[in-house]
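# A look at the structure
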Amino acid sequence: MGHNNINDEELLEYIVKDFKSGIQHGILVANLTYELAKRMELSESECYELKIAGMLHDIGKLKLSEYLYGRNSGELSVEEMKYMRMHSKISFDVLKNYDYSDNIMKVVLYHHECFDGSGYPDNLKGTDIPLGARILKVTDEFAALISDRPYRKAFDIDTAVNILIEEIRNLDMRVFIEFQRMIHEEETFEIIRNSKVDLENLSLKDILSFAD
Ligand SMILES: [Fe+2]
Ligand SMILES: [Fe+2]
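Residues numbered from 1 in each chain as written. Chains lettered and ligands numbered in written order. Predicted model: local features only at pLDDT ≥ 70, side-chain atom pairs only at ≥ 80, totals over all residues.

### Points about the nonpolar core
Core analysis: the biggest nonpolar cluster contains 34 residues, and Leu50, Val107, Val108, Ile135 and Val138 have the highest contact counts within it. The dominant element in this core, judged by the number of residues it contributes, is helix H1 (residues 5–39), at 7 residues. In this view, Val138 contacts Leu36, Leu171, Val175, Phe176 and Phe179; residues no more than four positions away in its chain are not counted. (Core = buried A, V, L, I, M, F, W, Y, C linked by C-beta atoms within 7 Å. Buried ≥ 20, exposed ≤ 12 C-beta atoms within 10 Å, placed from the backbone. Helix = DSSP H or I, 4+ residues; strand = E, 2+ residues; numbered from the N terminus. Contact = placed C-beta atoms within 7 Å.)

### Some thoughts on unusual backbone geometry
Glycine aside, residues mostly have negative phi, and peptide bonds are mostly found in the trans state. Omega for the bond connecting Tyr120 with Pro121 falls within 30 degrees of zero, at 10°, which places this linkage in the cis form. In this fold, Pro121 is placed in the loop between helix H7 (102–109) and helix H8 (131–145). With a phi close to 65°, Glu41 is a non-glycine residue in the positive phi region. Positionally, Glu41 belongs in the loop between H1 and helix H2 (44–56). Despite not being glycine, Asn123 shows a phi value in the positive range, around 50°. Within the secondary structure layout, Asn123 lies in the loop between H7 and H8.

### Quick look at the environment of Glu113
Its place among the elements puts Glu113 in the loop between H7 and H8. As for Glu113 and Ser209, which are separated by 96 residues in sequence, their C-alpha atoms are 35 Å apart. With sequence-adjacent residues up to four places away left out, Glu113 is seen in contact with Gly119, Asp122, Leu124, Ile129 and Ala133.

### Remarks on the packing of H8 against helix H9 (residues 157–166)
Between H8 and H9, the shortest axis-to-axis distance is 9 Å and the interhelical angle comes to 135°. If you check the angle between H8 and H9, you find them oblique. In the crossing of H8 with H9, the sense of the turn from one axis to the other is right-handed. Side by side, H8 and H9 meet where Glu141, Phe142 and Leu145 of the first sit next to Ala160, Ile163 and Leu164 of the second. Here the residues of the contact of H8 with H9 are counted per class, giving 5 nonpolar, no polar and 1 charged. (Axes fitted to C-alpha atoms, helices over the stretch in contact; angles between N-to-C directions. Parallel < 35°, antiparallel > 145°, perpendicular 65-115°, else oblique. Left-handed = near helix turned anticlockwise from the far one by under 90°. Nonpolar A, V, L, I, M, F, W, Y, C, P; charged D, E, K, R; others polar.)

In structure tokens:
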């Protein structure tokens, strides 16, 4: 890979960290998406598919770890941004070799489409975006905001909701209204608490042994 030994070690550490936060993010998005989908009165099987999509939607990001390694600030360069915007398509490509349903595949592919048409990869607009992707868009953004990032601390729930309101043009209003209803309920706090898995002591050896 062209790295010397010290950099390889740092790179591995970075990738492991990325892997861990990817799993945390997947679990939180999966659980919140399932709950929101239930409230949107989707069928049990659709809710369950969305839960799977929630767990897997960013899997393509792991392939980008290596390229994005070394950045410390929140601001991505144009080049990094270009890579980043490929991740939903990469997730789709990784998963298409397995037999996930069309519904799951579409949600994964379109989870960064915006309601106003400014998203990626296909600039889909409004209800052209599959409903599942519009639901996951809300929970995904929210989950990211209430989690620590390398360049910032987690926002509290109210601040996170206010940030989403500022960017409401990206979201399906009907989905967001339902989300706002659920977000201040004790049941939702519990979902958020229960989604925090402690991976602090998960070592690289443990991770690599998953491949056995
Ligand atoms: Fe994503
Ligand atoms: Fe995500």
